[in-house]
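Residue strings, one per chain:
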Amino acid sequence: KLQLRHHQNEDKIKISGSLPYFLNGQSFYSNLGETRKAIAKISEVIDLDILDGIAEKFDFGTVIHTAASPSSVFQNHVCLDHFFIRIFKNGKFFMDPLWMLKLSDAEQELLTGVKKEVQNQLWQKGIYDPSFSAIKFEVRYRDPSLYFDRPIKIAYIIEDTFNDLLEAELEEQYSRIE
């Protein structure tokens, strides 16, 4: 699901939502190639090249398959220095002004928020295995230009080198949670 807003007085189009949901109807699994396709599709639909656009915030994450239950994983991830923690039904948020880290029950999100047909496709492709628990870990960059010391263009987000940087950052942030 995407929302498109035109702010005429600022000469700006704001796009918000989930690129994986927009493209595939789910955010359980996505990759850089699919992100590129979603951005190209948005550009096509609105008849405007958005690659020069600036990302005011964005999420980057992964799904971790584990034999442990999600609640067990959440109980073992209890603190992160200088972060405010908010617990919700299916996970935890760790928040500060630059970041929001989210640990959630990916399987529960999949089973309650995704059509059965899409769930079955993920299972048939070997992406989703109901015999394991699935935890989603995401980093939300609340103001990427502050964190990266420059505005982040959409074109940069879909580069391999930036994706590699985000993956390394994801691992580092996950390892910081105690």
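Anything mentioned here points back to the structure above.
Residues numbered from 1 in each chain as written. Predicted model: local features only at pLDDT ≥ 70, side-chain atom pairs only at ≥ 80, totals over all residues. Heavy atoms only, no water.

## Looking at the overall build of the chain
Rules: Numbered from the N terminus, helices here are DSSP runs of H or I no shorter than four residues, and strands are runs of E no shorter than two. The reference for a compact globule is 2.2 Å times residues^0.38; the radius of gyration itself is calculated from the C-alpha atoms. Using a 1.4 Å probe on the protein chains alone, a residue whose accessible area is under 20% of its type maximum counts as buried, one over 50% counts as exposed, and one in between counts as partly exposed. Here a residue-residue contact requires only that any non-hydrogen atoms of the pair lie within 4.5 Å. Computed with the Shrake-Rupley method and a 1.4 Å probe, the accessible areas treat only the protein chains shown as cover for residues. In this tally Asp and Glu are treated as negative and Lys and Arg as positive; neither His nor the chain ends contributes. Each charge is placed at NZ for Lys, CZ for Arg, CG for Asp and CD for Glu.
The number of helices and strands found in the chain is eight helices and seven strands. Computed over its C-alpha atoms, the radius of gyration of the chain comes to 17 Å, within 12% of the 16 Å expected for a compact globule of 178 residues. Counting only C-alpha atoms, the chain reaches 50 × 40 × 30 Å along its principal axes. When the 178 residues of the chain are sorted by exposure, 36% land in the buried category. Contacts spanning at least 24 positions in sequence make up 62% of the contacts within the chain whose residues lie at least 6 apart. By element, 50% of the accessible surface of the chain is carried by carbon and sulfur atoms, the whole surface being about 10800 Å². Computed over 21 positive and 27 negative side-chain charges, the inter-centroid distance for the chain is 7 Å.

## Notes on the sheet that holds strand E3 (residues 58-66)
Note the following rule: At least two bridges found by DSSP between two strands are what make those strands a pair. Note on geometry: axes are C-alpha line fits, over the in-contact stretch for helices, and angles between N-to-C directions span 0 to 180 degrees.
Ordered in space as E3-E7-E6-E5-E4, the five strands form an open sheet in which the pairing is antiparallel. Among the strands making up the open sheet, the edge pair consists of E3 and strand E4 (84-88). Geometrically, the sheet is characterised by an average inter-axis angle of 15° between neighbouring strands, direction not taken into account. Relative to strand E6 (residues 99-105), strand E5 (residues 91-95) is paired through five bridges, and the arrangement is antiparallel. When the sheet's bridge partners are listed, Gly 91 is paired in E6 with Ser 104. Packed onto the sheet, helix H4 (residues 106-113) meets E3, E6 and strand E7 (133-141) and runs at close to 75° relative to E6.

## Observations regarding the packing of aromatic side chains
Note the threshold: Two rings from Phe, Tyr or Trp (for Trp, the six-membered ring) form a pair when their centres are within 6.5 Å of each other. A pair whose planes differ by under 30 degrees is stacked, one over 60 is edge-to-face, and the rest are tilted. To sit over a ring, a charge needs its Lys NZ or Arg CZ within 6 Å of the ring centre and within 35 degrees of the ring normal.
Applying the stated criterion across every chain yields a total of twelve aromatic pairs. Ring plane angle 65° and centroid distance 4.6 Å describe the contact between Trp 99 and Tyr 147, whose orientation is recorded as edge-to-face. One end of the pair, Trp 99, is in strand E6; the other, Tyr 147, is in helix H6 (residues 144-147), and 48 residues separate them in sequence. Judged by relative accessible area, Tyr 147 falls into the partly exposed class, the value being 27%. Aromatic rings pair up to connect Phe 58, Trp 99, Tyr 141, Tyr 147, Phe 148, Tyr 156 and Phe 162 into one cluster. Geometry around Phe 22 places Lys 41 over its ring, the cationic atom sitting 5.4 Å from the centre.

## Remarks on the pattern of salt bridges
Put simply, the rule is: We define a salt bridge as a side-chain nitrogen of Lys or Arg found within 4 Å of a carboxyl oxygen belonging to Asp or Glu.
On inspection of all chains with the given rule, the structure shows nine salt bridges. Put simply, Glu 56 and Lys 14 hold a salt bridge, and the shortest N to O gap is 3.6 Å. Of this pair, Glu 56 sits in the loop between helix H2 (32-46) and E3 while Lys 14 sits in strand E2 (residues 12-17), and the two are 42 residues apart along the sequence. With a relative accessible area of 38%, Glu 56 lands in the partly exposed category. Residue Lys 153 is joined to Asp 52 by a salt bridge in which the shortest nitrogen-to-oxygen separation is 3.8 Å. Residue Lys 153 is found in the loop between H6 and helix H7 (154-157), and its partner Asp 52 is found in the loop between H2 and E3; the two are separated by 101 residues along the sequence. Take Lys 153: its relative accessible area is 39%, and that puts it in the partly exposed class. A single network of salt bridges, built from pairs that share partners, joins Glu 10, Lys 12, Lys 14 and Glu 56.

## Re H4
Worth spelling out the cut-off: Summarising the geometry, the arc corresponds to the directions from the helix axis toward the C-beta atoms. Polar contact criterion, stated in full: a pair of N or O atoms within 3.5 Å, where within protein one must be able to donate a hydrogen and the other to accept it, and residues adjacent in sequence count only if both atoms are side-chain atoms.
Residues of H4 that are buried: Ala 106, Glu 107 and Leu 110. Viewed end-on, H4 has its buried residues packed into an arc of 100°, placing them on one side of the element. By the N-cap criterion, in which a side-chain oxygen at the helix start approaches the backbone nitrogen of a residue two or three places on, H4 is capped by Asp 105, the distance to Glu 107 being 3.2 Å.

By themselves, these observations are geometric and do not establish any function.
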